[in-house]
Amino acid sequence: MSTIAAFYGGKSILITGATGFLGKVLMEKLFRTSPDLKVIYILVRPKAGQTLQQRVFQILDSKLFEKVKEVCPNVHEKIRAIYADLNQNDFAISKEDMQELLSCTNIIFHCAATVRFDDTLRHAVQLNVTATRQLLLMASQMPKLEAFIHISTAYSNCNLKHIDEVIYPCPVEPKKIIDSLEWLDDAIIDEITPKLIRDWPNIYTYTKALGEMVVQQESRNLSIAIIRPSIVGATWQEPFPGWVDNINGPNGIIIATGKGFLRAIKATPMAVADVIPVDTVVNLMLAVGWYTAVHRPKSTLVYHITSGNMNPCNWHKMGVQVLATFEKIPFERPFRRPNANFTSNSFTSQYWNAVSHRAPAIIYDCYLRLTGRKPRMTKLMNRLLRTVSMLEYFINRSWEWSTYNTEMLMSELSPEDQRVFNFDVRQLNWLEYIENYVLGVKKYLLKEDMAGIPEAKQRLKRLRNIHYLFNTALFLIAWRLLIARSQMARNVWFFIVSFCYKFLSYFRASSTLKV
Ligand SMILES: CCCCCCCCCCCCCCCCCCCCCCCC(=O)SCCNC(=O)CCNC(=O)[C@H](O)C(C)(C)COP(=O)(O)OP(=O)(O)OC[C@H]1O[C@@H](n2cnc3c(N)ncnc32)[C@H](O)[C@@H]1OP(=O)(O)O
Ligand SMILES: NC(=O)C1=CN([C@@H]2O[C@H](COP(=O)(O)OP(=O)(O)OC[C@H]3O[C@@H](n4cnc5c(N)ncnc54)[C@H](OP(=O)(O)O)[C@@H]3O)[C@@H](O)[C@H]2O)C=CC1
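Presented here is a report on the structure given in the accompanying data block. (Residues numbered from 1 in each chain as written. Chains lettered and ligands numbered in written order. Predicted model: local features only at pLDDT ≥ 70, side-chain atom pairs only at ≥ 80, totals over all residues. Heavy atoms only, no water.)

Once that is clear, we can look at helix 18 (residues 430-445). Those residues of helix 18 that fall on the buried side of the exposure criterion are Trp-430, Tyr-433, Ile-434, Tyr-437, Val-438, Gly-440, Val-441, Lys-442, Tyr-444 and Leu-445. Those residues of helix 18 that are buried lie in contact with strand 8 (231-233), helix 11 (250-258), strand 10 (275-277), helix 13 (315-328) and helix 19 (453-485). The distance from a side-chain oxygen at the start of helix 18 to the backbone nitrogen of Leu-431 is 3.1 Å, and the residue carrying that oxygen is Asn-429. (Buried < 20%, exposed > 50% of the residue type's maximum accessible area, 1.4 Å probe, protein only. Helix = DSSP H or I, 4+ residues; strand = E, 2+ residues; numbered from the N terminus. Contact = heavy atoms within 4.5 Å. Polar contact = N/O pair within 3.5 Å; in protein donor to acceptor, adjacent residues only side chain to side chain.)

Surrounding ligand 2, one finds 26 residues, the nearest of these being Thr-19, Lys-47, Arg-55, Tyr-204 and Lys-208. Leu-22 has a polar backbone atom sitting 3.0 Å from an oxygen atom of ligand 2. Between Arg-45 and ligand 2, the recorded distance is 2.8 Å, taken from a side-chain N or O atom to an oxygen atom. Expressed as a share of its isolated accessible area of 890 Å², the protein-covered part of ligand 2 is 89%. Among the secondary structure elements, those contributing two or more residues to the shell around ligand 2 are helix 2 (21-33) and helix 10 (203-217). Looking at the shell around ligand 2, its residues break down into 13 nonpolar, eight polar and five charged. (Near = heavy atom within 4 Å. Areas by Shrake-Rupley, 256 points an atom, 1.4 Å probe, with all protein chains shown as cover. Nonpolar A, V, L, I, M, F, W, Y, C, P; charged D, E, K, R; others polar.)

Counted residue by residue, strand 2 (residues 39-44) has six buried out of six residues, so it is predominantly covered. Where burial is concerned, the two faces of strand 2 agree: the one with Val-39, Tyr-41 and Leu-43 and the one with Ile-40, Ile-42 and Val-44 are both buried. Bridge count between strand 1 (residues 12-16) and strand 2: five bridges; the pairing is parallel. Bridge assignment links Leu-14 to a residue of strand 2, and that residue is Tyr-41. You can see the chain leave strand 1, run along helix 2 and come back into strand 2, and the turn it takes is right-handed. (Pairing = 2+ DSSP bridges. Right-handed = clockwise from strand over helix to strand, strands pointing away.)

For ligand 1, the set of nearby residues contains 33 residues, the closest of which are Arg-116, Phe-117, Tyr-204, Gly-249 and Arg-386. Between ligand 1 and Arg-116, the relevant distance is 2.6 Å, taken from an oxygen atom to a side-chain nitrogen or oxygen of the residue. One nitrogen or oxygen atom from the main chain of Phe-117 is found 2.8 Å from an oxygen atom belonging to ligand 1. For ligand 1, the protein covers 84% of the area, taking 1,500 Å² as the surface of the free molecule. Every element with two or more residues in the shell around ligand 1 is listed here: helix 11, strand 9 (264-266), helix 13 and helix 15 (377-395). When its residues are assigned to classes, the shell around ligand 1 shows 20 nonpolar, eight polar and five charged.

So, in structure tokens, the structure goes:
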């Protein structure tokens, strides 16, 4: 029997960000391994015209929860969706709900955050810093609380090269930032943002670092742990391989590459691609929840869950395997044939952007105009290239994350827990994982049917022929123009033609002699 699974039995667990990528996988695993847990409270806001209940039903009706419904048929009754907006005072939670949360919660997993790199400082601070402080305040009023698990990111200190499992101080106190944002207007905030974030690459990573500082400062006598995952990718094993549900991180790049929109990227091929499967992160979260509650470490422990130091893969290897998978299982209706040129040189990257991205988009838009349709490709391409430029920082550098606490925890688990809550990334086979990842993007994100593969392959063949035809025509036009203008080009041309003629004559003569 798993000690960790038994620990969550009968518990009331509060999850923020449960409707997000990580949150859904966390809920799934909790219900599957501890179906006798008491209740999972989730803080949810209505969104996209859906009520809280509709959002919960949609999650439970997804393929991700198929196995859960077998082991925990009354899963609907065990989720209690509480109306909450983390941007509001007291999260806009009703008095009755707040009372229930305060008196019943045993464990908190705080996953909610804005993960957008280009969010405004005001909004990112509100969600990633102030809301964390508010939740800690709530936690301090929970008599039954055993552990508070805060999800941060391995990149919260990406301005450093070597990162230990400690909380690093930020140059400006979070409290000062929270206070000043209350009275500064948006224009001034925009002006001071670059000065505040200094060598952090974006507002997201900076506010996640502030969030960690808040956790340290407001920890009081709570049992708290911080988990720092690197780039969270599709599921590796559980509940099935390849599950993904948003376009963040590598997912959008895989789509853009598979559809032939993105064919070159400014990336350092040998830099470590520190992707970590989402189920591995969730397993660590549950193990940390148990360890923090049972062993009550004296200080706040930080756990890194990364792949680079244990089982490194680089962007080149990842790109090659992604392309190899597209050969076997192509995406439907690609714009061009998938390709992956990695270059760390800015000039080459701009060349590829002009030739491989912008020019085809302009040509396609001309075609749309000529056929009476609205051009859209140039706009789409510009947005894609903007997105890619925001990710560049992370694909041109490598970091070293120490993992002493994570390894210590692994050694504390029983063999059964090591199996059920496996977070040993050394066992990951990258080639197999990447293939399942691409397949998962096709099935669960793009919702493409496997029956469409033969047609997609046909289309790729047609695209290859168009590509060859286009290149040959371009070469002939260029050559014709050159010959018309330069005597030297004409001489070279006549030399080549006469050489070919002589070679063919010789070949014909010698084969006649043999006969
Ligand atoms: C030739 C290429 C070779 C490729 C080889 C094969 C692939 C190999 C694997 C992948 C290689 C490299 C990529 C990996 C990069 C990973 C870096 C991740 C960095 C980790 C940092 C920390 C991790 C975390 O802690 S949190 C999670 C990370 N957070 C995010 O990823 C959020 C990032 N996204 C944003 O901030 C926004 O979406 C933004 C600013 C990028 C765009 O915002 P905008 O307001 O313009 O609009 P959106 O509606 O959000 O999207 C616009 C448009 O862009 C498309 N899109 C969005 N995100 C991505 C994406 N990640 N990749 C590609 N495309 C994306 C989106 O679909 C929209 O398209 P439309 O058609 O216009 O709707
Ligand atoms: N994905 C990744 O690669 C990595 C993620 N992380 C961290 O993991 C955590 C989870 O990330 P992930 O699941 O990928 O992110 P998602 O963007 O998928 O999920 C974010 C969650 O936060 C919720 N949320 C956002 N704003 C509010 C609000 N105002 N009120 C209530 N809820 C809100 C969202 O709710 P709604 O559905 O209503 O929008 C959603 O449930 C984050 O803390 C992130 O920093 C760390 C490293 C890498």
